[in-house]
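Residue-level listing of the chains:
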Amino acid sequence: MIDIQQRLKTIFQKERLVFWYDDKEALKNEFEAIELEDVEKLVIDNNEFGIKRQLLSLQPNDKFLIYSPTKAPQDEENWLLDLNIANYMFSADKTSLVLQNLGLDVSFKEFVSQFDRFFNSKTRLEALKNLLNDKESEDTLALKIMAVSIGCDDNIESIMLKLFSHERHFETLGKYKLANEFFKAVTSKYSYDGESLKDLLYKLFQNHFYYSIDKSKSTLNSDARLFVKSWMDSSRHKESFEILSKEISDALNIDNIITDIEIAKVISCDTYEKCDQVVISHLLRKLDNDSINSVEMTKIITMREHTFWFESYKNIYKALLSASLLFDFVKDTKLTMKNFEDGLQEYAKHWYKADSYYRDYSVYSGKAEHLELLKPLSSKIEDVYLNSYLRELNDNWQEFAQKYMTNTTILHQQNFYNTKVEPYLQKKNKVFVIISDALRYECGVALTSQILAENKKRDRFSATCKAMLSSLPSYTQLGMASLLPHKELSIKDKNDIVFADDKSSSGMANRDKILKSYDENAFAIGYEDFLKYKREEGRALVKNASVVYIYHDEIDKMGEKNEIKTFDAVQSTFLSIIKIIKQIANFNGSNILITSDHGFLYTNQATLESEFCKVEVQDVIKQNRRFIIGKNLESGTCVHKYSGADLGISGDNEYLIPKSINKIRVQGGGNRFVHGGASLQELVIPLIEVNVGKGKKDIKEVNVDIIPLRSISTNTVNVSLFQSEIADDKTKPVTLKIAFESAEGVLLSDEIKHTFNSTEQYDTNRETKFKMTFRQNINEYNNQTIRLVTKKVLDGSSETPIYKEIKVKLALSFFNDFDDGF
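No experiment lies behind these values; they were computed from the predicted model shown.

Conventions used here
- Residues numbered from 1 in each chain as written.
- Predicted model: local features only at pLDDT ≥ 70, side-chain atom pairs only at ≥ 80, totals over all residues.
- Heavy atoms only, no water.
- Helix = DSSP H or I, 4+ residues; strand = E, 2+ residues; numbered from the N terminus.
- Buried < 20%, exposed > 50% of the residue type's maximum accessible area, 1.4 Å probe, protein only.
- Contact = heavy atoms within 4.5 Å.
- Disulfide = S-S within 2.5 Å.
- Pairing = 2+ DSSP bridges.
- Axes fitted to C-alpha atoms, helices over the stretch in contact; angles between N-to-C directions.
- Core = buried A, V, L, I, M, F, W, Y, C linked by side-chain atoms within 4.5 Å.
- Patch = residues over 30% accessible without salt bridge, like charges linked within 9 Å, V, L, I, M, F, W, Y side chains within 5 Å.
- Areas by Shrake-Rupley, 256 points an atom, 1.4 Å probe, with all protein chains shown as cover.
- Salt bridge = Lys/Arg side-chain N within 4 Å of Asp/Glu carboxyl O.
- Lys, Arg positive; Asp, Glu negative; His and termini not counted.
- Charge placed at Lys NZ, Arg CZ, Asp CG, Glu CD.
- pLDDT = per-residue confidence, 0-100.
- Parallel < 35°, antiparallel > 145°, perpendicular 65-115°, else oblique.
- Left-handed = near helix turned anticlockwise from the far one by under 90°.
- Nonpolar A, V, L, I, M, F, W, Y, C, P; charged D, E, K, R; others polar.

## Thoughts on the environment of Thr 790
- Structurally, Thr 790 is set in strand β28 (residues 785–792).
- Judged by relative accessible area, which is 1%, Thr 790 ranks as buried.
- For the pair formed by Thr 790 and Tyr 313, sequence separation is 477 residues and the distance between their alpha carbons is 28 Å.
- Residue contacts for Thr 790: discarding those within four places in its chain leaves Ile 706, Leu 721, Leu 736, Lys 737, Ile 738, Pro 801, Ile 802, Tyr 803 and Lys 804.

Listed below in structure tokens is the structure:
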């Protein structure tokens with residue numbers, strides 16, 4: 001294994017006399033074969049006096065290898081003792097050769113000899129040699145031998161993670177007689193008293209579990225808890241944690257244990273998946289009996305946002321929060337208005353939020369990881385949304401909807417071109433208009449937020465959203481015609497096609513002609529075709545254009561085709577429109593208007609057949625569930641009649657619109673997704689103005705300050721961070737990691753990750769407190785100045801630059817060494 005001659009050659013580079021005592025002549029042949037230049041070989045054979053005279057008197061400057069075929073005699077019988085002590089004692093037994101190769105002194109001989117089998121491999125020996133330094137102890141050497149044995153880093157944390165990943169690794173430690181050294185290291189680091197890997201694993205998990213439940217049952221020290229926390233946070237090892245956590249939860253019957261624990265304690269627990277299940281069940285019960293508000297719900301979900309199992313239940317948590325927001329809204333909001341315009345304004349400012357909460361709940365519950373859990377809540381959501389909000393709001397609105405006005409302070413759709421498009425043309429500025437079929441107002445508000453979120457990544461866009469009033473009946477043909485340039489809109493006697501200045505507005509080609517009749521450099525195009533263009537081709541396409549109308553249709557198309565997926569189409573629409581905006585930016589466009597032809601009503605619960613209203617009509621041009629166009633029509637108990645003049649439409653047609661959210665019984669078709677009526681959800685549409693290239697200077701992150709600490713005297717400490725401004729469209733959230741460090745950057749405590757995204761108006765509600773626990777070695781830093789450091793978490797990067805820090809004096813009391821599991 002080891003070349004003795006080469007080893008001796010190296011030794012003689014520094015030494016003149018080398019003594020070699022070879023018990024039982026085990027390596028006599030090797031000695032006889034050695035030939036070293038300028039080195040004379042001598043054999044001890046009752047000739048000690050002669051050897052001594054030769055070495056010291058006759059050849060005082062020459063080099064000698066003095067070999068004995070026996071082990072070294074006792075000191076009192078050793079005539080060459082003084083020379084032995086003063087010169088190099090060579091040993092060629094296996095352990096000695098290992099020590100010499102590793103550069104370790106003889107004090108390690110007894111320790112190293114225990115692991116004879118490990119050193120049978122030259123590969124392992126060389127790997128170990130590369131890890132050693134000049135400050136080794138038996139403890140550090142043992143860690144490095146273990147690390148080489150199983151292939152990991154040479155610290156106890158890495159060794160444990162490797163052992164927990166597969167039982168064969170612990171068998172390897174046993175094979176090399178390293179198990180005792182492993183448990184010795186674990187005892188020293190974590191105060192574990194045992195010699196079973198399985199028991200250690202169970203105690204680590206239970207120690208972490210009970211830290212948040214009942215600290216008196218945490219049998220290991222705080223470093224053990226921090227080890228589990230780092231395991232959970234490790235992208236490399238978190239999968240093994242998840243697997244083992246589930247196995248241990250079943251083995252220890254955590255289900256039974258946790259059901260008897262106070263919920264306030266479980267809320268901060270994330271060792272086992274059961275913790276989340278218990279918290280979710282608790283929140284569901286609280287929602288069911290109306291004993292939790294959205295502020296409390298937000299607080300609890302925020303606490304759990306960075307816990308281990310949150311991702312597995314995030315859609316349920318988000319659904320619960322949306323439900324809570326909807327229930328609070330209905331409980332706290334008066335759905336009354338003074339007049340037609342007041343109703344529009346109140347909806348655009350406040351009431352639309354209920355539609356957003358309902359849609360959010362529907363989306364998240366539809367993606368929920370455990371759908372059955374939410375069935376009772378979903379039934380309550382349907383009842384509250386339909387009967388306590390949607391029906392009540394539009395019943396109250398009906399009085400004013402019957403006095404429909406085209407002249408209000410909120411822009412009417414029929415004035416869109418003259419008011420919003422024409423000013424760009426007068427200034428010779430190109431403008432792009434994106435018309436998304438059935439993009440209702442609450443969806444427009446959400447889309448604007450997503451555009452601004454995209455802007456936070458790219459700093460390219462500014463965006464604002466205002467309300468606009470749709471034409472009535474709120475259906476596609478009329479809405480699309482209203483958005484085109486025109487002096488007059490009319491509907492003839494044969495069908496529901498809308499004419500702009502006697503030109504048909506039906507279809508892309510006709511709309512393109514109408515645009516060109518007002519400006520020859522205008523054109524219309526479908527969004528799919530628009531997105532197909534590559535950059536240079538697209539720039540050529542729009543180079544001389546004055547107005548580009550881009551037509552998009554996912555929501556209405558899905559609502560008509562497969563209505564239960566309407567809200568999925570809304571999500572898809574957001575992505576598509578953002579793609580269109582980016583494409584416009586790639587084509588050097590900067591002015592963008594986004595709007596819609598009409599809104600819509602939608603409930604997950606289908607309308608029962610008995611709830612439809614029956615309307616008898618004869619002279620009908622167009623009829624669907626939310627409007628009728630015809631002649632000789634009459635108002636009824638569930639419908640109201642409008643003239644064309646009432647609605648800004650030329651001709652002698654009359655229009656029946658169901659009152660409130662009533663639906664007309666017609667053959668076929670769906671009844672969850674409808675539009676055409678006069679509900680606020682159908683009439684109020686978004687007008688989003690986007691400008692490319694003017695958003696950069698307006699976007700910043702919220703500021704977070706550390707509230708100073710005087711000093712620290714215990715091994716757990718509460719720290720407070722204050723978000724000094726609210727998160728909004730121009731101030732984005734920031735995610736920080738919070739921890740104590742030494743002056744040299746050594747981690748001294750647990751590390752907490754938190755996203756500061758509060759929208760609370762009151763300052764006191766934006767202060768967040770964290771309980772920090774120091775590591776076991778904190779006493780080494782007592783009476784020193786340490787640092788509380790916050791580091792920014794960057795999207796898509798493992799870098800965490802320092803955000804802010806403060807210095808604080810650590811002054812631990814003597815008796816605190818044993819507090820809190822130390």
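## A few points about the state of the cysteines
- In this structure the tally under the stated criterion is 1 disulfide.
- In this model Cys 269 forms its disulfide with Cys 275; the gap between the sulfur atoms is 2.1 Å.
- Since its relative accessible area comes to 1%, Cys 269 is described here as buried.

## Some details on the sheet that holds strand β12 (residues 591–595)
- One open sheet accounts for 6 strands, arranged β6-β19-β12-β5-β11-β10; its pairing is mixed. Since the sheet does not close on itself, it has two edges, and those belong to β6 (461–469) and β10 (523–526), each with one partner. Between one strand and the next, the sheet's axes are offset by a mean angle of 20 degrees, whatever the strand orientation.
- Here strand β5 (residues 431–436) runs beside strand β11 (residues 547–552); their pairing, made up of 6 bridges, is parallel. When the sheet's bridge partners are listed, Val 431 is paired in β11 with Val 547.

## Some remarks on the nonpolar core
- Membership of the largest hydrophobic core comes to 197 residues, with the highest contact counts inside it found for Phe 182, Tyr 549 and Ile 594.
- Those residues in contact with Tyr 549 that lie beyond four places of it in its chain are Phe 416, Tyr 417, Val 421, Val 433, Ile 435, Leu 483, Leu 484, Leu 515, Phe 523, Ala 524 and Ile 525.
- Membership of the second largest hydrophobic core comes to 26 residues, among which are Ile 712, Val 719, Phe 740 and Val 808.

## Considering the sheet that holds strand β21 (residues 704–706)
- Read from one edge to the other, the open sheet built from 3 strands follows the order β21-β23-β27, with strand pairing classed as antiparallel. With one partner strand each, in any of the chains shown, β21 and β27 (767–773) form the two edges of the open sheet. When strand polarity is set aside, the average angle formed by the axes of neighbouring strands in this sheet is 30 degrees.
- Bridging between strand β23 (residues 716–723) and β27 involves 7 bridges; their strand directions are antiparallel. Looking at the pairing, Ser 720 lines up with Lys 769 of β27.

## Description of a negative patch on the surface
- Residues Glu 37, Asp 38, Glu 40 and Asp 62 make up a contiguous surface patch of negative charge.
- In this structure, Asp 62 sits in the loop between α3 (48–58) and β3 (63–68).

## Some remarks on the pairing of strand β1 (residues 17–21)
- Burial analysis of β1 places 5 of its 5 residues in the buried class, which makes it a mostly covered element.
- The alternating pattern of β1 places Leu 17, Phe 19 and Tyr 21 on one face and Val 18 and Trp 20 on the opposite face, and all of these are buried.
- The pairing of β1 with β3 spans 5 bridges and is classified as parallel. When the sheet's bridge partners are listed, Tyr 21 is paired in β3 with Ser 68.
- Across 3 bridges, the pairing between β1 and strand β4 (residues 88–90) is parallel.

## Some remarks on the pattern of salt bridges
- Evaluation of the coordinates by the stated rule reveals 37 salt bridges.
- Note that Lys 189 and Asp 223 form a salt bridge whose closest N and O atoms lie 3.8 Å from each other. A residue pair is termed long-range when its members are at least 10 positions apart, and Lys 189 in helix α11 (residues 179–190) and Asp 223 in helix α13 (residues 222–233) qualify at 34 residues.
- The exposure class assigned to Lys 189 is partly exposed, which follows from its relative accessible area of 26%.
- Relative accessible area serves as the criterion here: at 5%, Asp 223 is assigned to the buried category.
- The partner of Lys 532 in a salt bridge is Asp 529, with the nearest N and O atoms 3.7 Å apart.

## Describing unusual backbone geometry
- Looking along the chain, the bond that leaves Leu 472 and enters Pro 473 is cis, with omega of 0 degrees.
- By secondary structure assignment, the location of Pro 473 is in the loop between β6 and α24 (476–482).
- For Ser 191, which is not a glycine, the phi torsion comes out positive at approximately 65 degrees.
- Tracing the sequence through the fold places Ser 191 in the loop between α11 and α12 (197–213).
- A relative accessible area of 36% means that Ser 191 is categorised as partly exposed.
- In this structure, Ala 438 is a non-glycine residue whose phi angle is positive, near 70 degrees.
- Here Ala 438 is to be found in the loop between β5 and α23 (441–458).
- For Ala 438, a relative accessible area of 0% translates into the label buried.

## Brief notes about the confidence of the model for the chain
- Overall, the predicted model of the chain reaches an average pLDDT of 92, with 97% of residues at or above 70.
- Segment residues 815–822 is flagged for pLDDT under 50; beyond a separation of four residues in sequence, or across chains, it makes 21 contacts in the model.

## Thoughts on the side chain of Ser 576
- Of note, Ser 576 is situated in helix α29 (residues 566–586).
- Of the residues examined, Ser 576 reaches a relative accessible area of 11% and is grouped as buried.
- Those residues in contact with Ser 576 that lie beyond four places of it in its chain are Tyr 527, His 552 and Glu 554.

## Quick word on the packing of helix α9 (residues 156–165) against α12
- For the pair α9 and α12, interaxial distance at closest approach is 11 Å and the crossing angle is 110 degrees. With respect to α12, the element α9 is oriented roughly perpendicular. The handedness of the crossing between α9 and α12 is left-handed. Along its contact with α9, which presents Met 160, Leu 163 and Phe 164, the element α12 presents Leu 197, Leu 200, Leu 201 and Leu 204.
- When its residues are assigned to classes, the contact of α9 with α12 shows 7 nonpolar, no polar and no charged.

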